[in-house]
Amino acid sequence: HNYGHGAAGITLAFGCAEHAADHVEQAMAGLGATPPAVAVLGTGIAGLTTAWELRKRRPSLPIRIYASSLDLRTTTSWVAGGQFEPSTVWREYRSDAGKAGLFDYLRRSRAKIDALTADHARYGITPRDYFTLDHDIRAIQEFTPHDVIAPYTRGRLPFPALAAPGRHYSTWLLNPMLLLPAIQQELQASGVQFIERHFDSPRDVVALEENIVVNCTGYGARALFGDDRLIGQRGHLLVLDLETVDGLDYLFGGGCENEVISYLFCRQSDLVVGGTFLVGEDEPRLLDADAPAFERIWGNAARVFGGHPETCLAG
Ligand SMILES: Cc1cc2nc3c(=O)[nH]c(=O)nc-3n(C[C@H](O)[C@H](O)[C@H](O)COP(=O)(O)OP(=O)(O)OC[C@H]3O[C@@H](n4cnc5c(N)ncnc54)[C@H](O)[C@@H]3O)c2cc1C
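Residues numbered from 1 in each chain as written. Predicted model: local features only at pLDDT ≥ 70, side-chain atom pairs only at ≥ 80, totals over all residues. Heavy atoms only, no water.

A. Focus on the sheet that holds strand 4 (residues 153-156). Read across the sheet, seven strands follow the order 4-5-3-10-11-12-9 without closing on themselves; strand pairing throughout is mixed. Edge positions in the open sheet fall to strand 4 and strand 9 (237-241), since each of these has one partner strand only. Recorded for the sheet is a direction-independent mean angle of 30° between the axes of neighbouring strands. Examined bridge by bridge, strand 10 (residues 250-253) and strand 11 (residues 263-266) share two bridges and lie antiparallel to one another. If you follow F252 over to strand 11, its bridge partner there is L264. Across the sheet, helix 10 (residues 291-305) touches strand 9, strand 10, strand 11 and strand 12 (270-274), and the angle it forms with strand 9 is around 70°. (Pairing = 2+ DSSP bridges. Helix = DSSP H or I, 4+ residues; strand = E, 2+ residues; numbered from the N terminus. Axes fitted to C-alpha atoms, helices over the stretch in contact; angles between N-to-C directions. Contact = heavy atoms within 4.5 Å.)

Below is the structure:
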């Protein structure tokens, strides 16, 4: 199983894929003389990176990816902002052992990002300055090793109307709209088959002809495997397509001065403005009732960059 990465699935994907591939190798060793074949469930970032890691290790291993829809735009991964930070999920790794595990995922993800430097443009990966107001970001300061994201520097924020004291980190943008298709194309070119199929029960999964299955169904695992520990989390993002991105090469986040969530990510050809974080909600469709949330998100970004981050409105 490789699911349940909360608001940090893009960040943790490469590291968790290595762990998943380690488990697959163990399962293969247990098969003896029986030839292995792997089914990966899900075409989100978890499924794609797991299949990709396996293909890198085993060029001739039969691998199939199954998913309810093969349209990558239907995945949660597609709509993610793509900032590298273990946002919110760090709360689930507070024990010493948990923290060590999270550090390991992050270090492996960081190592993979470094190893892919020559391919960054194709994968939509780019280093980004990350600015916050002058308050603590526990996800980075306490729950990310300093060799993955270096400690912050303090200084005036570099925005005309928001020259308040702030903090600066160096992190990455992993743009899912570029990363997912790039990995999918590579997998297809290397003989990985993609099959559209929805699974209603574990029995359907066990009936697959492959003898090793990696479950990367994300929130779908709640219904498929009856995992009630999975809790839906819904977020609103405004995505603004830009004709030019000159000078827009930073991430801003960490919330307003009054703890309201607000972030703005400059990506390769659009701006992503968030956000909300609605725990326990799992409606995937856009509803008329969502309109006020988008107005508030936009208004809060204007308040922050207009120099009044203390006036942001909560939902
Ligand atoms: C608004 C928002 C912003 C975010 N921003 C960031 C960010 O900046 N950085 C970051 O690291 N993370 C971010 N995240 C979190 C990130 O999007 C998720 O952690 C990640 O996308 C989860 O990926 P996944 O592959 O596990 O699941 P998904 O992307 O949901 O993929 C699940 C796959 O499983 C398939 N599936 C499900 N059920 C079944 C079934 N029964 N049968 C067959 N197939 C099935 C689906 O079709 C899909 O292909 C954000 C999330 C949201 C909502």
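B. Quick look at the nonpolar core. Within the largest apolar cluster, 57 residues are counted, with the highest numbers of intra-cluster contacts made by L174 and L187. Broken down by element, the residue count for this core peaks at nine residues, all from helix 1 (residues 9-29). Those residues in contact with L174 that sit more than four places away from it in its chain are I10, F14, G82, F84, I113, G124, I125 and L179. One finds L157, Y250, V273 and A301 within the second-largest nonpolar core, a separate group that totals 19 residues. (Core = buried A, V, L, I, M, F, W, Y, C linked by side-chain atoms within 4.5 Å. Buried < 20%, exposed > 50% of the residue type's maximum accessible area, 1.4 Å probe, protein only.)

C. Quick look at the packing of helix 1 against helix 4 (residues 96-115). Packing of helix 1 against helix 4 leaves a shortest axis separation of 7 Å and a crossing angle of 105°. Here helix 1 is positioned roughly perpendicular relative to helix 4, judged by the angle of their axes. Taking contact as the criterion, the partners of T11, L12, A13, F14, G15, C16, E18, H19 and D22 in helix 1 are, on helix 4, L102, D104, Y105, L106, R108, S109 and K112. Here the contact of helix 1 with helix 4 is composed, by residue class, of seven nonpolar, four polar and five charged. (Parallel < 35°, antiparallel > 145°, perpendicular 65-115°, else oblique. Nonpolar A, V, L, I, M, F, W, Y, C, P; charged D, E, K, R; others polar.)

D. Geometry of the site of the ligand. Taken together, 30 residues are adjacent to the ligand, and G6, T11, T43, S77 and G82 come closest. At a separation of 2.6 Å, an oxygen atom of the ligand approaches a polar backbone atom of G6. At a separation of 3.2 Å, a nitrogen atom of the ligand approaches a polar backbone atom of G81. Summarising the interface, the protein chains cover 89% of the accessible area of the ligand, which totals 1000 Å² for the free molecule. (Near = heavy atom within 4 Å. Polar contact = N/O pair within 3.5 Å; in protein donor to acceptor, adjacent residues only side chain to side chain. Areas by Shrake-Rupley, 256 points an atom, 1.4 Å probe, with all protein chains shown as cover.)

E. Representation of the packing of aromatic side chains. Going through the model one piece at a time under the given rule, you end up with 14 aromatic pairs. With a centroid separation of 4.9 Å and 55° between ring planes, the pair formed by F159 and Y250 is classed as tilted. A residue pair is termed long-range when its members are at least 10 positions apart, and F159 in the loop between strand 4 and strand 5 (165-174) and Y250 in strand 10 qualify at 91 residues. Y250 carries the same exposure label as F159, and that label is buried. Site record: aromatic cluster; members linked through ring pairs are F131, F159, Y250, F252 and F305. Over the ring of F143 we find K99, and its NZ or CZ is 5.0 Å from the ring centre. Lying over the aromatic face of Y123, R122 brings its terminal NZ or CZ to 4.8 Å of the ring centre. (Phe/Tyr/Trp six-rings, centres within 6.5 Å; stacked < 30°, edge-to-face > 60°. Lys NZ or Arg CZ within 6 Å of the ring centre and 35° of its normal.)

F. Examining helix 7 (residues 176-189) more closely. When the terminal C-alpha atoms of helix 7 are compared, their 20 Å separation across 14 residues agrees well with the 20 Å that a helix rising 1.5 Å per residue should span. Within helix 7, burial applies to P176, L179, L180, A182, I183, Q184 and L187. (Expected span 1.5 Å × (residues − 1).)

G. Structural context of the pattern of salt bridges. One pass over the full model with this rule turns up 25 salt bridges. The residue R122 makes a salt bridge to E186 at a minimum N-O spacing of 3.2 Å. With R122 in helix 5 (residues 120-123) and E186 in helix 7, this residue pair connects regions lying 64 residues apart in the sequence. Classification of R122 as partly exposed rests on a relative accessible area of 44%. The partner of E283 in a salt bridge is R285, and the shortest N-O contact between them spans 2.7 Å. By relative accessible area, E283 is classed as partly exposed at 24%. A relative accessible area of 54% places R285 in the exposed class. One salt-bridge network, in which partners are shared between bridges, spans E18, D22, E25, E53, R57, R58, D104, R108 and K112. (Salt bridge = Lys/Arg side-chain N within 4 Å of Asp/Glu carboxyl O.)

H. Fine view of the side chain of N175. Looking at the secondary structure, you find N175 in the loop between strand 5 and helix 7. Within polar-contact distance, the side chain of N175 engages the backbone nitrogen of M177 at 3.0 Å. Reaching out from N175, the side chain makes a polar contact with the side chain of Q268 at a distance of 2.8 Å.

I. View of the sheet that holds strand 7 (residues 212-215). The sheet built from four strands is open, its strands ordered 6-2-1-7 with parallel pairing. Only two strands of the sheet have a single neighbouring strand rather than two, namely strand 6 (193-196) and strand 7. On average, each strand axis in the sheet is inclined to that of its neighbour by 25°, with strand direction left out of account. Note that strand 1 (residues 38-41) and strand 2 (residues 63-67) share four bridges and pair parallel. Bridged to L41 within strand 2 is Y66. In the packing of helix 1 onto the sheet, the strands contacted are strand 1 and strand 7, and the crossing angle to strand 7 comes to about 160°.

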